[in-house]
Each structure stands twice: as C-alpha cells, then as structure tokens.
Amino acid sequence: MVLPYRAAAAALALLPLPAFAASGAEAPILPDTSASAGDPEPDPDPDGDIVVVATRVRGQVETAVPPIVTLGEEDIAAYGAGSLQSLLAALAPQTGTGRGRGGGAPSVLLNGLRIASFREIRSIPPEAIRRVEVLPEEVALKYGFRPDQRVVNFILKDSFRSFGTETEAELPGAGGFTNLSEEMTLTRIEKGSRLNLTGTLERRSPLTEAERGIIQPATAGVATISTDPKQGDFRTLLADARSAVLNGTWAKSLGTGASIALNGLVQRNDNHSLNGLNSVIFTGPDGSLTQRTTLLPAPLASRTVADTVSGGATLNLPLGAWQLAWTADGSRVSTTTTIDSRADLAGLQTLVDQGALSPTAALPAAAILPLPAGIARSRSDSATTLATFTGSPLRLPGGQAALTVKAGFAWSALRSEDSRQLAAPARLRRGDAQAGLSLDLPITSRREGFGAALGDISLNLNAEAHNVSDFGSLSAWGAGITWGVTPKLTFAANYIASEKAPGLADLGAPATVTTGVALYDFTRGESVLAAVITGGNPALKKERQRDIKLSANWDLPIGKETGLLVEYFRNRSLDTTNAFPLLTPDVEAAFPGRVTRDNAGRIVSVDQRAVTFAETTGSRLRASLNFGGAFGKPDPAARRGAFAGMRGGGRPNGAAGSGAGGSGGGRGRGPSADGRGHWNLSLAFTQELDETARLVPGGRVLDLLDGDALSGAGIARRSATLEGGGFYRGFGLRLSGTYAAGTRVDGSGLPGASTLRFGDLATFNVRGFVDLGRMAKLTQRAPFFKGTRLAFGVNNLLDGVQKVTDQTGATPLRYQRGYLNPEGRVFSIELRKQF
C-alpha cells in the first residue's frame, strides 16, 4: 500500500533528489509537511509491509549493474558486529570474488565516494551505517579500481554519536593458550563531518607442540635419554603475540558536496616464538649413537618487532558536472627480527672421544659455546596518490555516458639487512606512474525509451598504463557488456588483459633462515625437520594475465529478498610470481638447487624464496544464493516509533538523539522496522572445472585437480560457504560454515614414496548475542545495560580438522592434527558497551 501524501512527503524530506545525490551537492530543505499529532497513523498492509514512494538514498551507487546484496539498518543489526571491520568479515561470502586472483578482498567506498584506505572507516560502529551495498567487480572500474574485486559501499547516517568499549576473550576447548583484546572507540558524525578514534590492545599467549601432543620425528638407530628436556616443550605452534594500535580519522564537510578527510595510524606487533633446543648426536666408543638435548645456553627463540606508521588524506570535490576524488596514502613498516643461533657443541664430542664424558652423562656448560644471535632488519616505505575524475562527457540516445579518468603515482622502497648474511644490505626502490580511463556507454534503455524491447544494454571500455621504474612499461585493458533483460534479470560479460610486476618484498626481502621447520618429503615419503630459507628473489619476471568472466544476476520471484548470481571465470597467466610450492618431485626437478639433502638423501634445507611459474590456467563456476525476510509478529510500539521517525521534520531515522548506546535513536529504515525479526542466508558454491600449471617452459603440465599440487592440500574440485542468521527483539544468532572436497597429492613412485589423500573438510562457526539495550524493562531497572551487548561464540564448532593419510592409512607426522589446526575448537565471550 502507498502512504498518504503527507507521510510520503515527509519520507521524501529524508532523502535528497537524484540530481543532488549524483553531484554531491546539498539537498534543498523541503517544506515541513509532516502530519499533525491529531492525524491518523497510516495503516500498514495486512502482511506488515510498508511501501514508501521516495527517491534514492544519498551516497547510493548509480550503476547499470545491480547490487549483489543490499542491507538496511535491521539487516546490519542482525550481524551483531562491533565495527565495520568485523561486519566486512561477516560479509565474506558475499564480498569474495571467484576470479582466482589473490585473496579477493573488496574495494571500499564511503557514501559512494573513494577513500584513501579502509583504515579511515574500519572502526566505525555498524550502528552508524544506514545502508550497505555489495556490488560486482564491474562496478570497480567506475571508481578507478581494477575489475578483479567486488565493491562494498557503506552509507553513513546523517548524525551519530557514541563512545564504546569492546572486550573479548577466546579460549580453546583443548586449552593451551588465551587470546584477550580490548578496544575503545569514539565516533562523532554530524552533517557530513566525522571524528573516529580507536585504540586496540591484544595479547595471545603461546601454544607449544607438547600442548597439542605433537609426536617428534625419531632417527633410526639413535638412542635418546628420557631425562633430557623435550623438543616439543620448546617449539611453538602459535607465537606469544602482542599488539597495540591507535587509529584516528577526522573528516570535514566543506559544503556543496565537498569534503576532506585525514587519517593516521600507529601500530606495534611483538611476536616471540620458540624454535626448539640445542641438540647433538654423540658417537660412543662402541660406535653407538645417542642424541642429547640441552637447555644450555637457552632454548632457541626468535622475536619479531614490527612498527607501523600510516597516514592518509582524501579530498572529494564537485567540479561542475564532474566529481574529483583525490586520495593520498603512505606507510612505513620497520621490522627487526632476532633469531638465536645454535650453540657450538663440537667440544662435547671431543670430550666423549677423549673418554672424559659419557654420552649419557650430564653435559658440562663450559663445553657449550653460545654463538651470537642473528639480526634481520627491514624497512618498507610506500606512498601513493591518485586523482579520479568521474562525470558524463556526452548524452547518447540510450542515456548519459559515464567517464572515469584517473592518474597517479605510487612509490615504494625496501631496505633490508641480515647479520648472518655476507651479502651487502638490500636497497630497492620503485616508482609507478599510472593513468587510465573507463567509459560506460548506454546502448539501449527502457527508461529513455530507446530500444526498450531489448532491455537495458551498456558497454564498458577501459584501459590503463603504468611506467614502473624497475620493469618498464606495463599495460592493462578490458571490455565488458551488461544486458538488463528485465529489471530483475541481468547478464554481463567481461574480458581483462593486464601485466603485473612482482612486489618489492618478493624481489628483495632479506634472506632469513629458520631451523627445525616440519616438512613433508614427497620424494621419500617422510616427515623431516629442516632449515627453511625465506626472502626475496631478484630473478622474478613480469606476469601477463588474461581473464574472462560471464555472469547472470536474477532476483528470484520467491520472496522479496532472494537473489541468484551465477558466474563463470576463465584465467590464463604467463610468468606468474608464486610462493615456493609444495615440495613434490616435479617441483624439486623444476627448481634445481633449492633442496639440499644429506648423504642418506634426507632433506637438510629448503630455499623457499618466491619463484616464477611459466604458465597457469584455471576455470570455475560459482553460484551464490541470497535469501532474507521478516518473521515474527509486529510490535505496535516499534511501528509507531518508525512512523514518528519518518515525520521528524526531515531528520532521517538514526539521526542523533537520546537513543541508548549511541545508536542514534532510530532503527526504522530496515525492512523490519515494525518490530518483527529479520533473517538472512547466503550460500555460495564453487565448482573447479580445470586448474593446470607449467612450472618451466617445455615442462610437464601439472593437473592440479588430479593428483598434482603446488601448495597445501592441492585444489578442491568443489567448495562451498554459508553465512546466515537472524535477529529478533534484541536476540541474534549467526552461523557460518565452509566446505572443501577431498584431494590427493601423488607421490614420486619411488620406493618409500606415498600418495597422500586429504579428506573432505567442513567447519562451522556459531555466534549468539543479546542486545540488552533493546530490552526496555531491563534498562529501566538497570540503566547500565543501555547500549550493552553480550555475545558468545564457538569457532570450529565440530572441532573439524582435515584428515591426511598415506597409502597405508597412516597420518604422516607433518600432517598431525596440531600442525594443521593448532587452535581447534575455540570459545569466545564478548562484552560491548556503547555510552
């Protein structure tokens, strides 16, 4: 049902007209046509739905490609998140991409405009958000991003004030460590200006191999002494970690749609790991072998201290019919790693040979000579600036064309040195000048009445060029077409061709050696403890990428919040930069000199610095299904509050007021503003069609779906994610899960080698929360509970871990449960208070 004129006009007063929203100018103040106190309230439809005829929301993204997901205030509340960072993590099934390029983290907008960095908004409370839009990768081009990430647009309320704290504790079901965190956040938002200050402290205690029952590899024919200290007590699976972060953002509206924002962050991370004990194998007078371990001079350890300083600035400025977004961001990360060296124990064998020391006797401290610890230092600097112009250069019969032009410069530098290396300190610098454009051309349009029988068809053309100081010229170009067959069904096709240079860290990070790392040798079919070398590789090459994406987005006719997105991806890359792959016989043959073995053929050390693959290809299908809706009985009190907000003289719901917990005093913008509950469920399924790699030119093509592997457990043919839950009158419940089908990694076929089978793995996380501030009777009796939320969670609810077996059905030592998932099932409790 459509609301009467006065109520509809009051709703319109809450929203800007389209022309002003597009340009960023201030919306005019409409006359106050709100109903008087004596006017009757509008009657809702029998099913509780409220229909309001109104214009678009200020900050909403205008694009021919429909959003994948749109969340209102009640939808956001249903997630029970404490910040935009945690809300974005909960939205991972919707924001993740299937393009197969990197981690797929989304690009982020605020009120439909670029920001310098996600740091600028990551600590804003979700209560300050009016709407969230998740948009497909094609929209990224409109804002100067590359089209390999989805886009998330957060739309702020006009006014919001809060000061809050969040305390969380995590405890594993199997014990062994604790994780404690405390965060305090101050937020002020008023008419486009905002202030956000956040301080975070976190501490995680260490977890050792002994606390997870890790079985240590034994050397055949070598005796041990039961009274010696155990290696597992002095090797950590999880480091002792501490972090402190201070993050602040100040933003100011300059009027007529212009704004400026400044952000700064300082952070320190301090990690302390244990790498085992000094040990020696004695050869006795009778030729027997005895292994001894000692606490002298001290257990082997490493400590890494990383200090980060970051700053950013954003300027959004309307220039006539065009919009300028200028961003600048810079960071410096200084890292110092101290690594204990193994002591010189050669004098102990001399004493045994002289008969002065029994192989089983107490070890004399005087014969154990400590060596200086190694120190590795690195300093990474980065600075970027980008100017993006968006506007409409011409009008076609199908509508306004949209053009985005960008230009910028990125500078990065890496300085590294290691006291254990003879090579001179590394000093690398890179400058990257770039320019690009993206042009959207409307071909047909139902709204414009041009080719309406064909629906809405638009074409995108994009290109960009880079001049990289240490790699020369790089280029990228692409094209795409979007066909809106009906308002509820849209098809899209895109092609991307691009070139990519390796990162400076991949090229020049300091070489470090870590001893006692557990590895699995597929050639011999055994687990070993070996030295691992990590760092940069200056011989890496320029990567060339070719991607195709086809998609269909359909708003299903089974409910008002149900959508289906089906996508097909095809990737091909030449000369790709990769982390050192799983140590299979093919890998060892392709990269000679990376593996060092002793006379018996056992691995002694592995050089795991980054490598270049000659070619990789892959294709996959991905289907995403999103459901949602209201449930429960309407609450008359909540319904009256919603209509009262609509008649509030032009102030949107959520504007500043006396609402408890800083939530702004209103929550009537969501689909369940009448007091009913709201639920949603997101499912995503991926089917890998093919995945291949050629490590070196002319080498064998590896089928990564049929026994070959480059990392971890190989690539699962099928995987799925789910995330869903509901929220009703202060009570919320969320459930998330992931599934990956089993894989196998073939052995070398040599004697002793074995094929490994990795079983199916399904994990589930559950989280329940109670928003005590929404319980009127409780807050009347105990005002402290205003703005208070209590949450309980269980990660890895079923304590699932992937089962790995060899051909005999046994689990190799390298794939023990404690190595694969040291945390196990983890319980958490969280107390959040908004003042």
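So, how was this worked out
Residues numbered from 1 in each chain as written. Predicted model: local features only at pLDDT ≥ 70, side-chain atom pairs only at ≥ 80, totals over all residues. Heavy atoms only, no water. Helix = DSSP H or I, 4+ residues; strand = E, 2+ residues; numbered from the N terminus. Buried < 20%, exposed > 50% of the residue type's maximum accessible area, 1.4 Å probe, protein only. Contact = heavy atoms within 4.5 Å. Areas by Shrake-Rupley, 256 points an atom, 1.4 Å probe, with all protein chains shown as cover. Phe/Tyr/Trp six-rings, centres within 6.5 Å; stacked < 30°, edge-to-face > 60°. Lys NZ or Arg CZ within 6 Å of the ring centre and 35° of its normal. Patch = residues over 30% accessible without salt bridge, like charges linked within 9 Å, V, L, I, M, F, W, Y side chains within 5 Å. Salt bridge = Lys/Arg side-chain N within 4 Å of Asp/Glu carboxyl O. Pairing = 2+ DSSP bridges. Axes fitted to C-alpha atoms, helices over the stretch in contact; angles between N-to-C directions. Polar contact = N/O pair within 3.5 Å; in protein donor to acceptor, adjacent residues only side chain to side chain. Core = buried A, V, L, I, M, F, W, Y, C linked by side-chain atoms within 4.5 Å. Arc of directions from axis to C-beta.

**Student:** Which residues make up the overall build of the chain, and what values do they have?
**Tutor:** Broken down by element type, the chain carries 11 helices and 42 strands. A total of 835 residues make up the chain; the buried ones form 47% of that total. Restricting to contacts in the chain with at least 6 residues of sequence separation, those with at least 24 account for 72%. About 37,300 Å² of surface is accessible on the chain, with carbon and sulfur atoms providing 59% of the total.

**Student:** I'd like to hear about the packing of aromatic side chains, residue by residue, with values.
**Tutor:** Applying the stated criterion across every chain yields a total of 11 aromatic pairs. Seen from their ring centres, Phe 631 and Tyr 728 are 5.5 Å apart, and the 40° between their planes marks the pair as tilted. Highlighted residues: Phe 631 in strand E32 (residues 611–631) and Tyr 728 in strand E35 (residues 718–728), separated in sequence by 97 residues. Given a relative accessible area of 26%, Tyr 728 falls into the partly exposed group. Chaining the aromatic ring pairs together yields one cluster made of Tyr 520, Phe 522, Phe 758 and Tyr 815. The aromatic ring of Tyr 819 is capped on one face by Arg 814, whose charged end is 5.6 Å from the ring centroid.

**Student:** Break down the side chain of Thr 584 for me, with residues and values.
**Tutor:** Mapped onto the elements of the fold, Thr 584 is located in the loop between strand E29 (563–578) and helix H8 (585–590). Once residues within four sequence positions are removed from consideration, Thr 584 is found in contact with Phe 522, Ala 709 and Val 745.

**Student:** Which residues make up the side chain of Asn 316, and what values go with them?
**Tutor:** With respect to the helices and strands, the residue Asn 316 is situated in strand E16 (residues 300–319). Note on Asn 316: relative accessible area 4%, which makes it buried. Setting aside anything within four residues of it in sequence, one finds Asn 316 in contact with Leu 113, Arg 114, Gly 257, Ala 258, Ser 259, Gln 323, Leu 324 and Ala 325.

**Student:** For a nonpolar patch on the surface, give the residues involved together with the corresponding values.
**Tutor:** On the surface, Leu 319, Phe 389, Val 405 and Leu 437 cluster together into a nonpolar patch covering about 300 Å² of accessible area. As for its position among the elements, Leu 437 is in strand E22 (residues 426–444). A relative accessible area of 44% places Leu 437 in the partly exposed class.

**Student:** With reference to specific residues and values, describe the sheet that holds strand E26 (residues 512–521).
**Tutor:** Strand pairing in a sheet relies on backbone hydrogen bonds, with the paired strands running either antiparallel or parallel. As summarised here, the arrangement of the four strands in space is E26-E27-E31-E30, forming an open sheet in which the pairing is mixed. Each having just a single partner strand, E26 and strand E30 (595–597) make up the two edges of the open sheet. Going from strand to strand, the sheet's axes swing by 25° on average, the running direction of each strand aside. Here E26 runs beside strand E27 (residues 526–534); their pairing, made up of eight bridges, is antiparallel. Bridging across to E27, Val 513 finds its partner in Ile 533.

**Student:** Any chance you could break down the pattern of salt bridges for me, citing the residues and the numbers?
**Tutor:** In the structure shown here, the tally under the stated rule is 46 salt bridges. Arg 235 is the salt-bridge partner of Glu 209, the closest N and O atoms lying 3.9 Å from each other. Of this pair, Glu 209 sits in the loop between strand E9 (207–208) and strand E10 (222–224) while Arg 235 sits in the loop between E10 and strand E11 (236–238), placing them 26 residues apart in sequence. Like Glu 209, the residue Arg 235 is buried in the burial classification.

**Student:** Run through the pairing of strand E25 (residues 489–500), naming residues and quoting values.
**Tutor:** The pairing of strand E24 (residues 472–486) with E25 spans 10 bridges and is classified as antiparallel. Bridged to Ala 476 within E25 is Ser 498. Between E24 and E25, which follow one another and run antiparallel, lie two residues. Bridge analysis of E25 against strand E28 (residues 543–555) gives 12 bridges, and the strand direction is antiparallel.

**Student:** Provide a residue-level description of the sheet that holds strand E41 (residues 804–805), including the pertinent values.
**Tutor:** Read from one edge of the open sheet, three strands run E37-E38-E41, paired in antiparallel fashion. Each of the sheet's edge strands pairs with one partner strand only, and the pair in question is strand E37 (743–745) and E41. Relative to E41, strand E38 (residues 756–758) runs antiparallel, the two sharing two bridges. Within the sheet, the bridge partner assigned to Arg 757 lies in E41 and is Thr 805.

**Student:** Describe the pairing of strand E36 (residues 731–740), with residues and values.
**Tutor:** Both E35 and E36 contribute to a ladder of 10 bridges, which runs antiparallel. Its bridge partner being in E36, Gly 725 is matched across the sheet by Arg 734. Here E35 hands over to E36 after two residues, with Arg 729 in that stretch at a positive phi of 50°. Pairing between E36 and strand E39 (residues 761–771): 10 bridges, direction antiparallel. Its bridge partner lying in E39, Arg 734 is registered against Arg 767.

**Student:** Before we move on, could you go through the environment of Thr 612 and cite the residues and values that matter?
**Tutor:** As for its position among the elements, Thr 612 is in strand E32. For Thr 612, a relative accessible area of 16% puts it in the buried group. Separated by 83 residues in sequence, Thr 612 and Leu 695 place their C-alpha atoms 7.5 Å apart. Setting aside its immediate chain neighbours within four residues, Thr 612 contacts Leu 540, Lys 541, Asp 575, Thr 576, Phe 591 and Leu 695. Reaching out from Thr 612, the side chain makes a polar contact with the backbone nitrogen of Lys 541 at a distance of 3.5 Å.

**Student:** Before we move on, can you summarise unusual backbone geometry with the specific residues and values?
**Tutor:** The omega angle of the peptide bond from Leu 296 to Pro 297 is -10°, so this bond is cis rather than trans. Residue position: Pro 297 is located in the loop between strand E15 (289–294) and E16. Of note, Arg 729 is a non-glycine position whose phi angle comes to about 50°, a positive value. Among the structural elements, Arg 729 can be located in the loop between E35 and E36. With a phi close to 55°, Asp 799 is a non-glycine residue in the positive phi region.

**Student:** Give me the nonpolar core: which residues, what numbers.
**Tutor:** Among the nonpolar cores identified, the biggest contains 25 residues, and Leu 87, Ile 121, Ile 129, Val 132 and Phe 154 are the most heavily contacted of them. Looking at this core, the elements with two or more residues in it are strand E1 (69–71), helix H4 (84–90), strand E2 (107–110), strand E4 (129–135) and strand E5 (151–156). Beyond its immediate stretch of four places on either side in the chain, Leu 87 contacts Ile 76, Tyr 79, Ala 81, Val 132 and Phe 154. Counting 19 residues, the second-largest nonpolar core is a separate cluster that includes Leu 519, Leu 583, Phe 591 and Leu 702.

**Student:** With reference to specific residues and values, describe the environment of Gln 60.
**Tutor:** Positionally, Gln 60 belongs in the loop between helix H2 (18–23) and E1. Sequence separation of Gln 60 and Leu 113 is 53 residues, and the distance between their C-alpha atoms is 9.5 Å. Once residues lying within four places of it in the same chain are set aside, the contact partners of Gln 60 are Arg 131, Glu 133, Asn 153 and Ile 155. Here the side chain of Gln 60 touches Arg 131 through a polar contact of 3.4 Å, side chain to side chain.

**Student:** Any details on helix H6 (residues 346–353)? Residues and values, ideally.
**Tutor:** Leu 348, Gln 349 and Val 352 are the residues of H6 that are buried. For H6, the arc enclosing every buried residue in end-on projection is 100°, short of the 170-degree limit, so these residues lie on one face. Residues of H6 that are buried sit in contact with strand E14 (278–283).

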